[in-house]
Amino acid sequence: AQSVAQPEDQVNVAEGNPLTVKCTYSVSGNPYLFWYVQYPNRGLQFLLKYITGDNLVKGSYGFEAEFNKSQTSFHLKKPSALVSDSALYFCAVRLIKTSGTYKYIFGTGTRLKVLA
Amino acid sequence: SQTIHQWPATLVQPVGSPLSLECTVEGTSNPNLYWYRQAAGRGLQLLFYSVGIGQISSEVPQNLSASRPQDRQFILSSKKLLLSDSGFYLCAWTSEGQGNTEAFFGQGTRLTVV
């Protein structure tokens, strides 16, 4: 079955330290991969995506993610964490259905806590 | 620019009452529209998606239904709410025709069934 996994329920990091939020996927073909952030009682905000090309993609708010095809991973990173980065982060993959339409499936989310 | 509106933001409804949540998209045409439910502040479950007016696909069997009466309007409904329908409901859109690949989300509706 095609899926997205976020193995960590929560990640704690000190302010100013680098952060990594992990994501692995299991899909056929070349995946379209995404990261979203959600603040309490809000919708999801798009951070960045990987479609093709350079394995390191840069997104909003200083975040970046590295696509690794051999490890089927798409980890989210930031060199220096801010307290305001504390939120729930979702990894997602776009699947093409047999009808030709698209479906997006999401991981279970990782709560990031940046400690002052 | 494109925007997505979802309302109401919060809703408290008694068990057995009907439900209607509305989502509209502006600034684009013929979007793909999606309803997701997020339980307990965690993972998202795709409930319905629509590729055009009157075209609804259901992902999971449930007490809810969806309709798309206009190109940019997507409605989530129930005739009789259950306690288990409580959750955070998110509407999203994509528009492959404009070269976009990511999904854009509304601000969500928190539904509490009491």
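A brief look at the structure comes next.

### Some points on the packing of aromatic side chains
In total, this model carries 18 aromatic pairs over all chains according to the counting rule given. When the centroid spacing of 5.8 Å and the interplanar angle of 90 degrees are considered together, the rings of Y104 of chain A and Y34 of chain B count as edge-to-face. Of this pair, Y104 of chain A sits in strand 11 (residues 102-106) while Y34 of chain B sits in strand 4 (residues 32-38), each in a different chain. Site record: aromatic cluster; members linked through ring pairs are F34, Y36, F46, F90, Y104 and F106 of chain A together with Y34, Y36, Y49 and F105 of chain B. Of note, K78 of chain A hangs over the ring of F63 of chain A, and the distance from its end group to the ring centre comes to 5.0 Å.

### Regarding the environment of T52 of chain A
All names here are of chain A. Structurally, T52 can be placed in the loop between strand 6 (44-50) and strand 7 (56-58). Relative accessible area serves as the criterion here: at 64%, T52 is assigned to the exposed category. Note: C-alpha distance between T52 and N30 (22 residues apart in sequence) is 8.5 Å.

### As for the nonpolar core
W35, L47, L48, F74, L76 and Y89 of chain A are the most contacted members of the largest nonpolar core, which has 29 residues in total. Those elements giving two or more residues to this core turn out to be strand 2 (10-14), strand 3 (19-21), strand 5 (32-38), strand 6, strand 8 (64-68), strand 9 (73-78), strand 10 (87-96) and strand 12 (110-115) of chain A. In terms of residue count, the dominant contributor to this core is strand 10 of chain A (five residues). Apart from the residues within four sequence positions on either side, Y89 of chain A is in contact with Q6, W35, Y36, V37, L47, F63, L76, G109, T110 and L112 of chain A. In this structure, I4, L11, L33 and L76 of chain B belong to the second largest nonpolar core, which totals 20 residues.

### Re the pattern of salt bridges
Pairing is possible between side chains that carry opposite charge, provided their charged atoms lie close to one another. Residue and element names in this part refer to chain B. Across all of its chains, the model carries seven salt bridges over all chains by this definition. For R68, the salt bridge identified is with D71, shortest N-O distance 3.3 Å. Taking relative accessible area as the criterion, R68 reaches 3% and is therefore assigned buried. Judged by relative accessible area, which is 22%, D71 ranks as partly exposed.

### Description of the sheet that holds strand 3 (residues 19-26) of chain B
Residues and elements named next belong to chain B. Sheet architecture is open: four strands sit in the order 1-3-8-7, paired in antiparallel fashion. At either margin of the open sheet sits one strand with a lone partner, and together these are strand 1 (3-7) and strand 7 (65-70). Strand-to-strand twist in this sheet, taken as the mean axis angle between neighbours without regard to direction, amounts to 20 degrees.

### Concerning the state of the cysteines
Defined simply, a disulfide is a covalent bond joining two cysteines at their sulfur atoms. All names here are of chain A. For the coordinates displayed, the defined rule picks out two disulfides over all chains. Shown here is the disulfide that connects C23 with C91, its sulfur atoms set 2.0 Å apart. The sign of the S-S torsion, about -65 degrees, decides the handedness of the disulfide formed by C23 and C91: left-handed. Here C23, found in the loop between strand 3 and strand 4 (24-26), pairs with C91, found in strand 10; they are 68 residues apart in sequence, far enough to count as distant.

### Topic: the pairing of strand 7 of chain B
Residues and elements named next belong to chain B. Of the strand pairs in this sheet, strand 7 and strand 8 (residues 73-78) are connected by four bridges, and their pairing is antiparallel. Bridge pairing in strand 8 places A66 opposite L76. Adjacent in sequence and paired antiparallel, strand 7 and strand 8 are bridged by two residues.

What counts and how
Residues numbered from 1 in each chain as written. Chains lettered and ligands numbered in written order. Predicted model: local features only at pLDDT ≥ 70, side-chain atom pairs only at ≥ 80, totals over all residues. Heavy atoms only, no water. Phe/Tyr/Trp six-rings, centres within 6.5 Å; stacked < 30°, edge-to-face > 60°. Helix = DSSP H or I, 4+ residues; strand = E, 2+ residues; numbered from the N terminus. Lys NZ or Arg CZ within 6 Å of the ring centre and 35° of its normal. Buried < 20%, exposed > 50% of the residue type's maximum accessible area, 1.4 Å probe, protein only. Core = buried A, V, L, I, M, F, W, Y, C linked by side-chain atoms within 4.5 Å. Contact = heavy atoms within 4.5 Å. Salt bridge = Lys/Arg side-chain N within 4 Å of Asp/Glu carboxyl O. Pairing = 2+ DSSP bridges. Axes fitted to C-alpha atoms, helices over the stretch in contact; angles between N-to-C directions. Disulfide = S-S within 2.5 Å.

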